[in-house]
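# Summary of the model geometry
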Amino acid sequence: MVPKPQGGASTAKSVTHRPLPPLPKLRVRRPNKPEMNPCLGIMSSVLGCWASSGYSIQGCAQFEQKLRACMDTPRPANTKKNNINYHLSRMYPNIIGPHKRK
């Protein structure tokens, strides 16, 4: 613990905080951000291989097989939506407190 200074005068200056401006609503931007495609890296490898080898099939066959395997895997269809904005809209009246009606 830090001992308090002796004497009647306070050494710390009083700090006044300005209140925050009122918010019209609470929201999180894009809470359901889509995931990146897992095949994107493999596709860029295939395109890079094609660009460097002049579109030859023999040099890029391994990358093409990986891309086909990646594209054939099923994706999960049921992604649960984020409900943060629903809860923020419910809590907003408690956060701003009572206010006068116009």
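Up top is the structure.
What counts, and at which threshold
Residues numbered from 1 in each chain as written. Predicted model: local features only at pLDDT ≥ 70, side-chain atom pairs only at ≥ 80, totals over all residues. Heavy atoms only, no water. Helix = DSSP H or I, 4+ residues; strand = E, 2+ residues; numbered from the N terminus. Buried < 20%, exposed > 50% of the residue type's maximum accessible area, 1.4 Å probe, protein only. Contact = heavy atoms within 4.5 Å. Areas by Shrake-Rupley, 256 points an atom, 1.4 Å probe, with all protein chains shown as cover. Expected span 1.5 Å × (residues − 1). Arc of directions from axis to C-beta. Disulfide = S-S within 2.5 Å.

### Focus: the overall build of the protein chain
- Looking only at helices and strands, one finds three helices and zero strands in the protein chain.
- Traced from its N-terminal end to its C-terminal end, the protein chain shows the element sequence α-α-α.
- When the 102 residues of the protein chain are sorted by exposure, 11% land in the buried category.
- For the protein chain, contacts bridging at least 24 residues in sequence account for 68% of all contacts bridging at least 6.
- Carbon and sulfur atoms make up 59% of the accessible area of the protein chain, which totals about 10300 Å².

### Details of helix α1 (residues 40-53)
- Look at α1: 20 Å from first C-alpha to last across 14 residues, which is about the 20 Å you get at 1.5 Å a residue.
- Two residues or fewer past α1, G54 is found with a positive phi of approximately 75 degrees.

### What to know about helix α2 (residues 61-72)
- For α2, built from 12 residues, the straight-helix expectation of 16 Å at 1.5 Å per residue is met to within 8% by its first-to-last C-alpha distance of 16 Å.
- Buried residues of α2: E64, L67 and C70, and no others. Seen from one end, α2 has its buried residues packed into an arc of 125 degrees, which puts them on one side. Across from the buried face of α2, at angles greater than 90 degrees, the exposed residues are Q62, Q65 and D72.
- Where the residues of α2 are buried, they touch α1.

### Describing the state of the cysteines
- Applying the stated criterion across every chain, the model contains two disulfides.
- Residue C39 pairs covalently with C70 via a disulfide, S to S 1.9 Å. Negative torsions about the S-S bond denote left-handed disulfides, and the value of about -95 degrees found for C39 with C70 makes this one left-handed. Here the residue C39 occupies a position in the segment before α1, and C70 occupies one in helix α2, the gap between them amounting to 31 residues. Both residues of the pair, C39 and C70, count as buried.

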